[in-house]
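Take a look at the letters that make up each chain.
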Amino acid sequence: VAILLALSQLPQIRVLAAAIITTYSKLLAEYPLPTKSLTSGALCGVSDVIAQFREANRKQFNFKRWIRFAGKGCVGGVIWACWYDEL
C-alpha cells in the first residue's frame, strides 16, 4: 500500500524537483558567487548536523559548532568559486 501511495505521488515529486532545479539554475546564472557560497554553507551545515547526530556521546545539539561550520562553508564557497572559475 505504501509503495502504491509513493508511486501515485511520483509526478508531483518530479514537478517539484524540476522547479527546484530551474530556480537554482536561474540563481546560479544571475548571482553565481552568492549562490555558490550559500550552497557550500548549506551543505557544510547539513553535514555537521549529520555528524552531530551520529556522535555516540552527544548530550545536546551544539548550535555554535553548527553555525561555525556553516559559516566556514560559506567563506570557503567564495574562495573555491573564485579558484575554480580561474582554472
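Residues numbered from 1 in each chain as written. Predicted model: local features only at pLDDT ≥ 70, side-chain atom pairs only at ≥ 80, totals over all residues. Heavy atoms only, no water.

A. Summary view of the confidence of the model for the protein. Averaged over every residue, the pLDDT of the protein is 90; residues scoring 70 or more account for 92%. The spread of mean pLDDT over the elements of the protein runs between helix H1 (residues 2-8), the lowest at 64, and helix H3 (residues 32-54), the highest at 96. (pLDDT = per-residue confidence, 0-100. Helix = DSSP H or I, 4+ residues; strand = E, 2+ residues; numbered from the N terminus.)

B. Looking closely at a nonpolar patch on the surface. Taken together, the side chains of Val75, Ile79, Trp80, Trp83, Tyr84 and Leu87 make up a nonpolar region of the molecular surface, amounting to roughly 770 Å² of accessible area. Topologically, Leu87 is positioned in the segment after helix H4 (63-86). (Patch = residues over 30% accessible without salt bridge, like charges linked within 9 Å, V, L, I, M, F, W, Y side chains within 5 Å. Areas by Shrake-Rupley, 256 points an atom, 1.4 Å probe, with all protein chains shown as cover. Salt bridge = Lys/Arg side-chain N within 4 Å of Asp/Glu carboxyl O.)

C. Summary view of the environment of Val49. Tracing the sequence through the fold places Val49 in helix H3. When sequence neighbours within four positions are dropped, the list of residues in contact with Val49 reads Phe61 and Trp66. (Contact = heavy atoms within 4.5 Å.)

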